[in-house]
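Examination of the molecular architecture
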Amino acid sequence: MCGICGFTGEILDKEQVLKSMTDRLIHRGPNSEGFYFSSEISMGFRRLSIIDVDERSSQPMYNEDKTLVLTFNGEIYNYKELREELVARGHKFCSNTDSEVLVHGFEQWREKLLDKVRGMFAFAIFNTSDNSLFMARDFFGIKPLHYALTNGHLVYASEIKSILQFPKIEKRLNKRALDKYLSFQYSVPPETFFEGIYCLLPGHYSWYRGGKLEITRYFEPKFEPDKALTLDEAVQKIETVFENSVNAHKTSDVEVGCFLSSGVDSSYISSYFARQKAFTVGFGEDEKYNEIGFAKRFAQEMGLNHHSRVISAADFWASIPLVQYMLDQPLADPSCVALFFVSKLASENGVTVVLSGEGADELFGGYNIYHEPLSLCNYQKLPQVLRRMLASLAGMIPTSFKGKNFLIRGAKSLPERFIGNAFIFSQKEKRALLKDPNMATAPQVACEKFYEKSQNYDDVTRMQYLDINLWMVGDILLKADRMSMANSLELRVPFLDKEVFEVAKKIPLNLKVNNKNTKYALRKAALKHLPLFTAEKKKLGFPVPIRVWLRQEKYYNTVKNMFVSPAAKKFFCTDVLIGYLDRHFAGKEDNSRKIWTIYTFLVWYDAYFNN
């Protein structure tokens, strides 16, 4: 795994500027660095050695006549097969690395190379013959790539903090991103929290030619449910393709381990890691927040070399500024801190590559919320006018009662009620919270195009499609990449493999979500490899006791000090912030997610704008 960066055109002290940009990525590649300079472009690279670790594999990488220059972040799992095909076509190789396969593959097939590769990647290829720059990002967005156009220059990098080193970039907060963040808990791509800096979306490539940037989508994860598929057939297909994917993702010249929670996804992966290292973290002794005991039991049964760590409250809170800095953008998902610590644990125990379970829920229908369309099905047969009236009456009752949320959500259509796995602040709440209430928009607007594209899907599959394009990119894969790379650790995700998706897209609704469980067919496939107590366990994720800590005086005061800071007063009505905090502290409301969303933004803002 590596970090890449660069910029087009000439500037003063370009060597020092590129060195500064590259240094900001040293955590992504501590082993070596490389540079390419011409009058048209400057390209930088940091390397974390994984495959073919000798000097021949250093980047930038070239084709035979050095007309193509490549910098690449990622792994190509079918590079050996592609290499054989390219050699047969007359290409000359000087290394055994996947990066050289990309440069020769691009020479042979141009954009069509992307249809042939299997892996995770973000790369840039400069053509010295016509001064064009080609950049591409993998199918699901596992590896990041950011860019900006400024004063006639294209600037790009694996991380935003690198782009900010370019002297012609003016660092300005994107208030549109703040508005969306308050509802989604992440910055909705392709925009970022920095004005004028964007992420290249998953499954897209770009050409920069003659000062113009053209972006094209080459891959879209479309579902094609096969209603004739039986459970036995689905299980067999999942089992076959997943074993193939795990074996491909284990390819490495360095030690490979895996993350292990108590859920089916990571447990299924770790079933292929007997006598190898697995890593788990948790909080305190409460089983609601600590999966270590469960993971230890599983590891013992499966013969894993298990390592674990309990994260104290003090360690958690002390890490937040570093975590938010490494993320590049504020992310109000508390599990990113747990992911930081489990990555640190793996790195400290001599592992350079880990496999993890991201993507299984989106592809196979695993989130508990995906059961909601089935739960609401009969109720939504009532006339909408009646359902709206019942929801209005329920909303007038100030106290909670059993079924209140059911009545309110059941009155809404799917696009009205579901914006993804997190829904923090509504437009009305944002108008009361923000110093400038005109900033507040309806979060549903950001989802409209995805609901429009998925009109022919059932409601569960529409939720999956939305999550793959928003939640997975803005939250799940952002934290996976940044938290692992913060510890110079390569994280691989075998569920997010295009061959696995070819199977997942065919799974019909009844084999994804039914009255028995979510992720039904995948669980049945896992059950053939796992103890029953693991395969049938309810999903927890990385549970974090934020709600509990915010009712302790120490952490209440920590947050309160931030809520009355100059930064808080700049963006928010602080009396509203303190109201959320005080009512939570008194046990009157559970405002932990709202409080955490604001707090993490303010910590991030301090890191990037006040330091």
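Residues numbered from 1 in each chain as written. Predicted model: local features only at pLDDT ≥ 70, side-chain atom pairs only at ≥ 80, totals over all residues. Heavy atoms only, no water.

1. Concerning the sheet that holds strand β14 (residues 277-283)
One key point about sheets: their strands pair by backbone hydrogen bonds, in either a parallel or an antiparallel sense. The line we're drawing: A pair of strands is treated as paired once DSSP finds two or more bridges between them. Helix and strand assignments come from DSSP, with helices taken as H or I runs of at least 4 residues and strands as E runs of at least 2, each series counted from the N terminus. All axes here are fitted lines through C-alpha atoms, helices being fitted over the stretch that makes contact, and every angle between N-to-C directions spans 0 to 180 degrees.
Reading across the sheet, the five strands line up as β15-β14-β13-β16-β17 and stay open at both edges, with parallel pairing between neighbours. If you trace the sheet from one side to the other, it starts and ends with β15 (305-311) and β17 (490-492), each paired once. For this sheet, the mean angle separating the axes of adjacent strands, direction not counted, is 30°. Alignment of β14 against β15, held across seven bridges, turns out to be parallel. Bridge pairing links A278 to H306 in β15.

2. Observations regarding the sheet that holds strand β11 (residues 204-209)
The test is simple: By the convention used here, residues are in contact when the closest approach between their heavy atoms is within 4.5 Å.
Strand order in the open sheet formed by six strands is β4-β5-β6-β7-β11-β12, with antiparallel pairing between adjacent strands. The open sheet has two free edges, formed respectively by β4 (61-62) and β12 (212-217), since each of these has just one partner strand. The sheet contacts of helix α3 (residues 98-109) involve β4, β5 (68-76), β6 (119-127), β7 (132-137) and β11, and relative to β5 the element is tilted by about 125°.

3. Considering helix α1 (residues 14-23)
To keep it simple, the criterion reads: Three exposure classes are used, based on accessible area relative to the maximum for each residue type with a 1.4 Å probe and protein chains only: buried under 20%, partly exposed in between, and exposed over 50%.
Among the residues making up α1, those that are buried are K14, V17, L18, S20, M21 and T22. Buried residues along α1 sit in contact with β1 (2-8), β2 (32-37), β3 (41-47), β9 (153-157) and α5 (160-163).

4. Considering the pairing of β5
Counting buried residues along β5, nine of its nine residues qualify, which places the element largely inside the surrounding structure. Here β4 pairs with β5 via two bridges, running antiparallel. Directly across from Y62, in β5, lies its bridge partner V69. Counting the residues in the hairpin turn of β4 and β5 gives five residues, including K66, whose phi is positive at 60°. Bridge count between β5 and β6: nine bridges; the pairing is antiparallel. Bridge assignment links T71 to a residue of β6, and that residue is A124.

5. Quick look at the pairing of β11
Of all six residues that make up β11, five are buried, and the element is covered over most of its length. Relative to β11, β7 runs antiparallel, the two sharing four bridges. By the bridge assignment for β11, F134 is matched with W207. Pairing analysis gives six bridges linking β11 to β12, with the strands arranged antiparallel. Of the residues in β12, the one forming a bridge with S206 is I215. As consecutive antiparallel partners, β11 and β12 are separated by two residues, and within that stretch G210 has a phi angle of approximately 55°, a positive value.

6. Let's talk about unusual backbone geometry
Note the cis peptide between Q59 and P60, where omega equals 5°. Take P60: it is sitting in the loop between β3 and β4. A cis amide bond links P189 to the next residue, P190, at an omega of 15°. Structurally, the position occupied by P190 is in the loop between α6 (175-184) and β10 (197-199). Of note in the backbone geometry, Q185 takes a positive phi value of approximately 75° without being a glycine. Looking at Q185, the relative accessible area reads 6%, which means it is buried. If you check the backbone angles, K519 has positive phi at about 50° while not being a glycine. Position of K519 among the secondary structure elements: in the loop between α21 (498-504) and α22 (520-527).

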